Structures are given as C-alpha cells and as structure tokens.
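Fold and geometry: a report
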Amino acid sequence: VLTISTVFKMQRRILSSVSASAGGSKTLNHRRWNVKQVKKSNFKSALDEIRTSIDSSDFIALSLQNTGSYAAAWHRVTAIDTPQTSYLKAKYAAERYQIFQFALCPFSLRGSKLTVHPYNFHLFPRDELKLGMPSYSFSCQASRLTAMAREGFDFNTCIYEGISYLSRTQESASKFLSGNPILADPIDVPSSPSTVADTVFVGRIRSRVKNWRQSCLDSSSKTGGHDDLVSSLRKLVLGSEQYGSRLCLTIDVCSERQAQLILEMLTEFCEDVVPLLVASKSRGTQAVRAVFMSSNEDKHLFVRDLRDLETEENRRVRGFREVVDLISSSQKPLVSQNYLSDLTSIHAKFLGPLPSNVDEFSSSLSSAFPNVVDLSQFMKEISPLSNISNLPAAMSSLNRFFAPVDVEVANQGCPVKPDEGHQMHGQNAVMISQLFAKLCTIQKSDKSPVQSNEDLQGLASDEDANSVTACDENVKVWSKNSRRVSSENLVFVWGLGKKMTAAMLKNALQNSHAVFAGEFDVKYLDRSCAVVVFWESGSSETFLGAVNDEDEEKLGGGSLREMVAEGLRAAGYDTYKRACRLGFWEADLAESLEKTLESSDRDLDSDTKPSEIDWSSELAINFDEL
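Rules behind the numbers
- Residues numbered from 1 in each chain as written.
- Predicted model: local features only at pLDDT ≥ 70, side-chain atom pairs only at ≥ 80, totals over all residues.
- Heavy atoms only, no water.
- Helix = DSSP H or I, 4+ residues; strand = E, 2+ residues; numbered from the N terminus.
- Buried < 20%, exposed > 50% of the residue type's maximum accessible area, 1.4 Å probe, protein only.
- Contact = heavy atoms within 4.5 Å.
- Areas by Shrake-Rupley, 256 points an atom, 1.4 Å probe, with all protein chains shown as cover.
- Axes fitted to C-alpha atoms, helices over the stretch in contact; angles between N-to-C directions.
- Parallel < 35°, antiparallel > 145°, perpendicular 65-115°, else oblique.
- Left-handed = near helix turned anticlockwise from the far one by under 90°.
- Nonpolar A, V, L, I, M, F, W, Y, C, P; charged D, E, K, R; others polar.
- Pairing = 2+ DSSP bridges.
- Phe/Tyr/Trp six-rings, centres within 6.5 Å; stacked < 30°, edge-to-face > 60°.
- Lys NZ or Arg CZ within 6 Å of the ring centre and 35° of its normal.
- Disulfide = S-S within 2.5 Å.
- Salt bridge = Lys/Arg side-chain N within 4 Å of Asp/Glu carboxyl O.
- Core = buried A, V, L, I, M, F, W, Y, C linked by side-chain atoms within 4.5 Å.
- Domains from an automatic or database assignment.
- Polar contact = N/O pair within 3.5 Å; in protein donor to acceptor, adjacent residues only side chain to side chain.

By the naming in an unreviewed UniProt entry, the protein chain goes by Poly(A)-specific ribonuclease PARN-like and is assigned to Noccaea caerulescens.

Turning to the overall build of the protein chain, a few remarks are in order. Helix and strand content of the protein chain: 23 helices and 19 strands. Of all 626 residues assigned to the protein chain, the portion counted as buried reaches 51%. Summarising the internal contacts of the protein chain: among those between residues at least 6 apart in sequence, 78% fall at separations of at least 24. Here the protein chain displays about 29200 Å² of accessible surface, and carbon together with sulfur accounts for 49% of that area.

This part takes up the packing of helix α3 (residues 83–96) against helix α12 (residues 339–351). Two elements in contact, α3 and α12, have axes separated by 9 Å at closest approach and are oriented at 50°. Between α3 and α12, the interaxial angle falls into the category oblique. In this structure, the crossing between α3 and α12 has a hand that is right-handed. Within the contact between the two elements, α3 uses Ser86, Tyr87, Ala90 and Ala94 and α12 uses Leu340, Thr344, Ser345, Ala348 and Lys349. Here the residues of the contact of α3 with α12 sort into five nonpolar, three polar and one charged.

This part covers the sheet that holds strand β18 (residues 569–572). With antiparallel pairing, the four strands of this open sheet are ordered in space as β16-β17-β15-β18. Each having just a single partner strand, β16 (520–524) and β18 make up the two edges of the open sheet. Going from strand to strand, the sheet's axes swing by 25° on average, the running direction of each strand aside. With four bridges connecting them, strand β15 (residues 490–494) and β18 associate as antiparallel partners.

Moving on to the packing of aromatic side chains. Under the definition given, this model contains 28 aromatic pairs. Ring centres 5.0 Å apart and planes at 55° place the aromatic pair Phe59 and Phe436 in the tilted group. Remark: Phe436 occurs in helix α16 (residues 427–445) and Phe59 occurs in strand β2 (residues 59–66); sequence separation between them is 377 residues. The residues Phe59 and Phe436 share a single accessibility class, namely buried. Ring geometry for Phe516 against Phe543: centres 5.1 Å apart, planes inclined by 70°, an arrangement best described as edge-to-face. A residue pair is termed long-range when its members are at least 10 positions apart, and Phe516 in the loop between α18 (502–510) and β16 and Phe543 in helix α19 (residues 539–549) qualify at 27 residues. With respect to burial, Phe516 and Phe543 carry one shared label: buried. Among the aromatic residues, those joined into a cluster by ring pairs are Trp74, Tyr92, Phe492, Tyr573, Tyr576 and Trp585. If you follow Lys506 out to its NZ or CZ, it ends over the ring of Phe520, 5.5 Å from the centre.

Before going further, it helps to examine the state of the cysteines. Going through the model one piece at a time under the given rule, you end up with zero disulfides. Of all cysteine sulfurs, the one in Cys248 lies closest to Cys216, which takes part in no disulfide; the gap is 8.9 Å.

Under the definition given, this model contains 16 salt bridges. Here Glu408 and Lys113 are joined by a salt bridge, their closest N and O atoms 2.9 Å apart. One end of the pair, Glu408, is in strand β13 (residues 406–409); the other, Lys113, is in strand β4 (residues 113–116), with 295 residues separating them in the sequence. On the basis of relative accessible area, Lys113 is assigned to the partly exposed category, the value being 35%. A salt bridge links Asp272 to Arg213; the shortest N-O distance between them is 3.0 Å. Highlighted residues: Asp272 in the loop between α9 (256–266) and β9 (273–279) and Arg213 in helix α7 (residues 196–221), separated in sequence by 59 residues. Take Asp272: its relative accessible area is 11%, and that puts it in the buried class. The class for Arg213 is partly exposed, based on a relative accessible area of 23%. Each of Arg168, Arg321 and Asp325 takes part in one network of salt bridges that share partners.

Note on placement: Ser63 falls in strand β2. On the accessibility criterion, Ser63 (14% relative accessible area) is buried. Here Ser63 is in contact with Gln101, Phe102, Ala103, Asn428, Ala429 and Ile432, once residues within four sequence places are set aside.

Once that is clear, we can look at the pairing of β15. The buried fraction of β15 is high, at five of five residues. Burial of the side chains of β15 extends over both faces: Leu490, Phe492 and Trp494 are buried on one face and Val491 and Val493 on the other. Relative to strand β17 (residues 529–534), β15 runs antiparallel, the two sharing five bridges. Considered in β17, the bridge of Val493 is made with Ala530.

So, on to the nonpolar core. Core analysis: the biggest nonpolar cluster contains 60 residues, and Phe102, Phe121, Phe320, Phe369 and Phe492 have the highest contact counts within it. Tallying contributions element by element places α12 first for this core, with six residues. Of the domains in this structure, domain 1 (32–166 + 320–413 + 421–448) and domain 3 (474–603) are the two that each give at least three residues to this core. For Phe320, the contacting residues outside a window of four places in its chain are Phe43, Phe102, Phe121, Leu123, Ile163, Ser164, Tyr165 and Phe350. Ranked by size, the runner-up nonpolar core spans 35 residues in total, among them Ala103, Val116, Val335 and Cys440.

Close contact between α3 and helix α22 (residues 573–582) brings their axes to 9 Å; oriented N to C, the two are set at 30°. Taken together, α3 and α22 sit at an angle that is classed as roughly parallel. For α3 against α22, the interelement crossing comes out left-handed. Facing Thr85, Leu88 and Lys89 of α3, the residues of α22 in contact are Tyr573, Tyr576, Lys577, Cys580 and Arg581.

With that settled, consider the environment of Asp272. Between the alpha carbons of Asp272 and Asp298 there is a distance of 9.0 Å; along the sequence they are 26 residues apart. With residues near it in sequence (within four places) discarded, Asp272 still touches Arg213, Leu217, Val291, Phe292 and Met293. At 3.0 Å, the side chain of Asp272 forms a polar contact with the side chain of Arg213.

What follows is the structure, encoded as structure tokens:
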C-alpha cells in the first residue's frame, strides 16, 4: 500500500510535466455521470478503448459490487483485529461471495482538471468451457441482493450478458483439461542424474524415435508404388500417425519424470522434430507427441501457428481477466476505498487461490499490483473525514474546503438523464477519483491545523500506519478517542444467563471481583459475546485464571462465582485468533470460541506475538444495522 508521502511525490512528478490549468468550483457529490456499461456483447469491441484509457491515465480507481460482504456481525474487520485476523475475515468473504460488477475508472489530475474514463463491467462466472470453472457455486446475501434490485440492477442481464473469466491459475489448469496438445517449453536445465531404469527407458525410446524419424525422411525423399507400400507398412509398425498434415509419433508416459526424460532426449532431433505434451484429465502428462518437420521454414511456421492458436484460445478463456491483466501490466497506482475487501476479491477471482496468511498475500498481490492507495486511510488525514466511510457523505463534508475540481468524462462526457437508471451503475469509481483529487488538492493547499506537512511526513515514515499488512501486527483504527492496548489485555466473555447492555455488563463485572477495581472497558462484538479490555497489565491473566480454573480462592468472595455457575465463559485473544485460523465462522462469536476451545488442533498460530490495538471508546455495534 502506498504511503501518503509517496502519493504526493507521484502527483508532483505528474504535475511537473504538465502546466496546471485553472478551473471553477463545482458541487460534485450529487452529480451522476454517464458510465459506459460493458457486457459480453460489447466486451471485445471495448477492449482497445479500455487499453487506451489505462495507458493515457495516471491512476486507476476501482469499486466492486459483490453478492455479500460478511455473514455475521463479528465477521466484520474491527478495532480488535490484527492484520492476520483482518485478512482471514476478508479471505473468507472473498472466497464465499461473487463479484457481479467491477467499476473501473482510469483518471488523470492536471491542476484542477480531473479527466476520468469510467467503465462498469457486468460479470458472471459462467462455465463456458464446460470444465467446472471459474465457479460451481457462490453465496448471496438477501440484503445485498435487495439493495442491488432497489438500485435498478438487472439480474437477467448479469446472468445472460455477464462477462465470464478464468483466474491465472484456472487458465493454466484449463490447458490440461481442454485436451489440446501443448507446445513443450525449451529444456534449459537437465533433470537430476539418471538411474539405470532411466537409462534403459531413454535408450529404448531413442531407438524408436530414430527408426520413426528415418522412415519420415525416407517417405519424403522416395516416390513410387512399391516404396509407398513399404513406407506405409513401416509407419504402421513404428506407430506413426498424422498431426494435421504432418507425421507424428505419440509416446505414452507413466509419470512426469518419463515425460521430462523424453523431452531431453528429443533435443537431439530438434532440427526436424517438435515435441508436444498431451495432457491427461488429471492435469498431468499422459503422452509426448513428436511432430516431424519437413524443413526449417515448416518448423517455424508450425511453432508460430501453434502459439497464435494458443494465444487466441487463452484470450477467449480469460474473459474479463484480460482487463485485470491490462491493469497489472500498466503498473499504474490503484485507488480503492475498501482496500482489503477489494484486493482479496480480485486475487481470489482473477489471480489464484488466496494464501493462508497475510504476508504471503501481500507478496503475491504486490507482484501483480505494486502500487495501491488505500483511500479509507487517506481520508483519515482530513479532520472532518476521520470517522466517515460513506463516499457521498465524504464528498459533502469536503464542500467546506475550497478544492475546485472540474470533471471531464473522456469516454462519454454527458450527465445521466433521470430515465437512464442503468447508466448509474459504476458511479462509485468516479466518486473515488473525485474524492482522491479533492484530497490531493486540500493536502497540498490547506494551511489550517487539520493536518500539517510535518505530520504527513511523520505518518509516512511509519509504514504500518498505511498498510494492512504491517509486519509487527499493529492495527490502526482511526478515531478521536483511541488508546493503544496489547492484545494480551483483551478477554472475550460470553454465556451470560440474561441479556445485558455493555454498561450493565460492566457494572456487573465491576462488583464481581477485585481484578475489576482497576480501569477496564467492555464492548459487545455481537449479540452473544463481549470483549473486556484491561488497562492494567496482568489483570487479564488473573481474570482468565479465576473463570477457567473455577478455583474458590481465585474466584474470591464477589458475585463472579455466581456468574461462572450461571454459565459465564472467558477466553484470551489467542483463542480468537485460532478461531479465525481454523475457519470457525459461526453466526455467533460465542459458538465459534466454544468450538475452538473444544478443538484438538493446538498448533500455534503464525502470529503468536502479542499485538497492539488502538482501542476506541466509540467502538460499538449498532444492532439496528445487523
């Protein structure tokens, strides 16, 4: 994820080569723009235009419309999550839900002029190759589908006109599942030393290939009925076949090792023999096919045609991933409001299976998208936006600043009419580019104490402040009232006999045991479980020991003994991390923690080091939103 200072340096470099143009102030937060809708019917014709838009822009804003986000309240990323647990939650949602719309907006900022190229792609994971890919099934949230229908989303268009795709991993697998012969890669490094069995096997195959190749040479140089008869009989005995108009020999193999040995041996005949791999349904190699070439020109023509055919086939099966590859190859910075959610979904659907931990995910993602701007963190640098995540609300809040931005829609250029509801899809990507432009303008020109340049430089030097994948597992939750606390001081409690508010639970705990004489805080994470934050070191261990050991002396003379007898349960932060790692994504956090405690899997998590958490007194669940 790009740091704030890096974003400004990139913007300054861009502006230094172009003279800034003056522009008037516009109220943009309620403006609707004509976004080009791309479906299966016009996808192929739009590709060249999309490529030009990306090449001519400096940044790329994106926004996804998924069939769901989280299945339970505690599945949301909150203040108590480390980068690893945050990633595991996003990973679960990315693997569970499907992308129906992918809004893309390449844009450039020149002074106060913002040039945007908005597109909205309709996607559907259709199994066009009949290979079970990209997806057999996916989950949907009723509330999300209801919201999409309210916005005018056309589900018939999505299903019948949605663009399909294959991830990079699935594309590699499809080459084997399609059954088409694959051009073998050149042998650069020989295999490991041969055994006696390898030597015997290679010798037998070499003799067979030599005889077959000689028969091919003889048939191309001799003519006549008698010679034709002898040649035909020889081909029949040697197992010669036809590959198109060319002679070929198919050699069955029992292992990848045998295929490798044959390919190495065939380099001896590389002047007039081209090897192909015949894949099995199990995604391995079932045979090596040697194709005879009549001349060097014939060989070059054959290889070129085969590669052209493979390229065309790959382009056909990639579908929408062709656009993702264009974004990746451009190396342009991506601007996303929901960095973790968007990028895990993109990785899962278009790159390959998500890794098991956040460090591997970060490494894999950076190879495809090295520059990403997390707009939600960028917004935290402006005081009025420190607690705003909604895009229209953020745009309205920025109207107090003088940050003129003139928007030009390069690929459409006209506002949406009231009766053109279908054109409204994909507006978020345009709004993200507008918000980014305004934030850049404000940060460069504002002299108020909202945020100084020195503060920005100091923030940028702390990589963890701008990265979800922080190495020391710090979690940054931006709030006016936040305090840093170690994850060791967090205790999860559940199993209370009666329903309580957080204030009632805090009051009950305060009178239950001497450990609560010090300062502590209580917040509910969902209806079933609350988290207790101790501000004094060692208090969490004392409380856990009293509840879990049920020792009369440790329980003391307060009401904690009665609460434990009524079913009060408690667990430390390690149990929570293990629940996420084991994939116990139950509807209630209490049930997930119970399953974790009962689990026999006691392997240590990769993130065993205590984490520091910025605890906010405003962290609370609004149950009306659940």
